[in-house]
Amino acid sequence: MIEVLQTGPLNTVQDLGRFGFRNAGVTSSGAMDRLALMVGNLLVGNDEGEATVEVQTFPFRLRFERDMTVAITGADCDARLDGRRLPPWWAIPVSSAQVLELETPRRSARAYLSFAGGIDVEPVMGSRSTSLRGGFGGLDGRFLAANDRLAIGSISACAVPQGGFGAMPPETALAEHFPASEDGTLVVRAIPAGEYALFGAEAERFWSQTWKISSQSDRTGYRLSGEPIRLASPVELRSHGVVPGVVQMPPSGEPIIQMSDANTAGGYPKIAGVIDVDLWRLGQARIGSRIRFVQSSVAEARGAERAVQAYLDDIRRTVPILTQALAAMSRR
Amino acid sequence: MTKGRKRKSGSLAEQILDPATLEEIALWLENAGVASIEIETGDGRLVRIVAGEDTTSHGAGMDRLVLVPTEPASVRPAKAPIAGHFLPVHPAREAAEATIGASVLPEQIVGFVRVGPLIMPICAEEAGTLDACTVESGDLVGYGDSVFLIEPAQ
């Protein structure tokens, strides 16, 4: 078990999400930064999709109630284990009664805590992700509070070395496969969507201007602020299916990017869709930060997906090789 | 020293510097196809013996051995935990975990070694002052290579 000692609101149990029930109005939920979740799980010897704690409000403190192994990935929140500093993207064995503390990150938005064995909450419709709107999944369908206790599954062998080890952060390892930030502006790749043509010449400003992530942004969606983009003439659309990454244009002319807790249906015209492989970077973008859209293609998106998959495969393959090599050397 | 052989008096370092011993070590190196060995003495001093490049000379001897000066006994190394590429700063951070001249605590991370997609910590073994870094960023380091020198706290 682990016990939450201190937490802000909106920190939840998340895995990769709940799929196959959108037709019944069930949002997919799941981690905002799926890549950080997968890397954390691989470092502690889990399958990549085990349930983790997504921390997006800080400070966050927890106490381990037995010996186990934990990984901290995603935003660098200057993690401390009993006061000892840990690097980001790090896995380490911990002892019963030790306390882990996460501070507000200076860059990026969300940290993920993966535990060897995974968080053992009851799956709902095939997922342990918390659906705050539905009030199910995760821990009783709600966000974590102080004194909450979470059960951790058992795992046969986890050979993380005593001083811990880490993964190369994806920002570094995959740098050549993602557009670089420009003066702190996150460059996000997108593909024109269904109603793009309705915006005519106005659409050009969707790509050319820098948008600010407004304070009305959360796991459901990011509302962007900037110079409005308006339709040549208003259109009324029937409600249609919506998925994370869809960029809608409400009458205000300021776009909404649907995120992990995306509505399952909506009626606003869709100007673009953020490519799936870029959503984790958006998931780490902070309120008040700036983004710019750059036009992408299916081929480019698939290329980036292959690079991400190769990075994950490399970690999955190298973790046991490294831990075995270290074990062999420590016996010498 | 070969088992059963009578031990000479004096420190281990003095024993190794004895010409007869050096000749014997040179033979071992040659027979094993090994270029160098590093011997750590009880007081923490390291003696590294490197076979010379002149492999055409007859038999093994002093002329083929080079004694490499090592760190003074008072300075302790922080060693690479595994072979890989040295990272002085974590790739997701802007500053090193400890800077030269800073005080370090036992088990404190002072640098990293990259092994493919993974990162291993280089840790201080005891409390002291981080004295020097002996390799360049990105250099390939071997298991047990000294990467930092630490002046132990008195």
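How each quantity is defined
- Residues numbered from 1 in each chain as written.
- Chains lettered and ligands numbered in written order.
- Predicted model: local features only at pLDDT ≥ 70, side-chain atom pairs only at ≥ 80, totals over all residues.
- Helix = DSSP H or I, 4+ residues; strand = E, 2+ residues; numbered from the N terminus.
- Buried ≥ 20, exposed ≤ 12 C-beta atoms within 10 Å, placed from the backbone.
- Contact = placed C-beta atoms within 7 Å.
- Domains from an automatic or database assignment.
- Expected span 1.5 Å × (residues − 1).
- Nonpolar A, V, L, I, M, F, W, Y, C, P; charged D, E, K, R; others polar.
- Pairing = 2+ DSSP bridges.
- Core = buried A, V, L, I, M, F, W, Y, C linked by C-beta atoms within 7 Å.

1. Focus on the overall build of chain B
- A count of helical and extended segments in chain B gives two helices and eleven strands.
- The helix and strand sequence of chain B, counted from the amino end, reads α-α-β-β-β-β-β-β-β-β-β-β-β.
- In chain B, which comprises 154 residues, the proportion classed as buried is 25%.
- Sequence separation of 24 or more characterises 56% of the internal contacts of chain B that already satisfy a separation of 6 or more.

2. Examining the domain arrangement of chain A
Residues and elements named next belong to chain A.
- Split by domain assignment, chain A resolves into domain 1 (2-172) and domain 2 (178-296).
- Of note, the centres of domain 1 and domain 2, computed from C-alpha atoms alone, are 28 Å apart.
- Each side of the interface is counted separately: domain 1 has 20 residues, and domain 2 has 13 residues.
- Tallying contributions element by element places helix H1 (residues 34-43) first for the side of domain 1 that touches domain 2, with three residues.

3. Concerning helix H5 (residues 298-330) of chain A
- For H5 of chain A, spanning 33 residues, the distance from its first C-alpha to its last is 48 Å, which sits close to the expected 48 Å at 1.5 Å a residue.
- Those residues of H5 of chain A not exposed but buried are Ala304, Val308, Tyr311, Ile315, Val319, Leu322 and Leu326 of chain A.
- Among the structural elements, H1, strand S12 (165-167) and helix H2 (170-173) of chain A together with strand S7 (109-115) and strand S8 (118-123) of chain B are those in contact with the buried residues of H5 of chain A.

4. Concerning unusual backbone geometry
Residue and element names in this part refer to chain A.
- Of the consecutive residues Phe58 and Pro59, the connecting peptide bond is found in the cis state with omega at -5°.
- You can see Pro59 is positioned in the loop between strand S3 (52-55) and strand S4 (60-64).
- Notably, Ser108 is not glycine yet its phi reads approximately 65°, a positive angle.
- Summarising the element assignment, Ser108 is placed in the loop between strand S9 (99-102) and strand S10 (111-115).
- The exposure class of Ser108 is buried, given the 21 C-beta atoms found within 10 Å.
- With phi around 55°, Asp140 is a residue other than glycine that occupies positive phi space.
- Secondary-structure assignment places Asp140 in the loop between S10 and strand S11 (149-150).

5. Focus: the interface of chain A and chain B
- Counting residues at the interface gives 23 residues for chain A, matched by 17 residues for chain B.
- In terms of residues, the side of chain A that touches chain B owes the most to one element, H5 of chain A, which gives nine residues.
- Its residues assigned to classes, the side of chain A that touches chain B shows 15 nonpolar, five polar and three charged.
- Relative to S8 of chain B, S12 of chain A runs antiparallel, the two sharing two bridges. Considered in S8 of chain B, the bridge of Ala167 of chain A is made with Leu118 of chain B.

6. Looking at the nonpolar core
- Core analysis: the largest hydrophobic core is formed by 111 residues, its most contacted members being Val39, Val70 and Ala91 of chain A together with Val110, Val113, Leu118 and Ile122 of chain B.
- Aside from chain neighbours lying at most four places away, what touches Leu118 of chain B is Phe165, Gly166, Ala167, Ile315, Thr318, Val319 and Leu322 of chain A.

7. Focus on the sheet that holds strand S4 (residues 76-79) of chain B
All names here are of chain B.
- With respect to topology, four strands assemble into an open sheet ordered S4-S11-S9-S6, the strand pairing being antiparallel. At either end of the open sheet lies a strand with only one pairing partner, and these are S4 and strand S6 (103-104).
- Pairing of S6 with strand S9 (residues 128-133) involves two bridges; the strand directions are antiparallel. If you follow Ser103 over to S9, its bridge partner there is Thr129.

8. Quick notes on the pairing of strand S15 (residues 221-225) of chain A
Residue and element names in this part refer to chain A.
- In terms of burial, S15 is largely enclosed, as four of its five residues are buried.
- Pairing of strand S14 (residues 211-213) with S15 involves two bridges; the strand directions are antiparallel. The residue bridging Ile213 from the neighbouring strand is Leu224, located in S15.
- Sheet topology places S15 next to strand S18 (residues 256-258); three bridges connect them, and they run antiparallel.

9. Description of helix H2 (residues 19-32) of chain B
- Here H2 of chain B is 14 residues long and its end C-alpha atoms lie 20 Å apart, about the 20 Å a rise of 1.5 Å per residue gives.
- Phi turns positive one or two residues past the end of H2 of chain B, at Gly33 of chain B, with a value near 65°.

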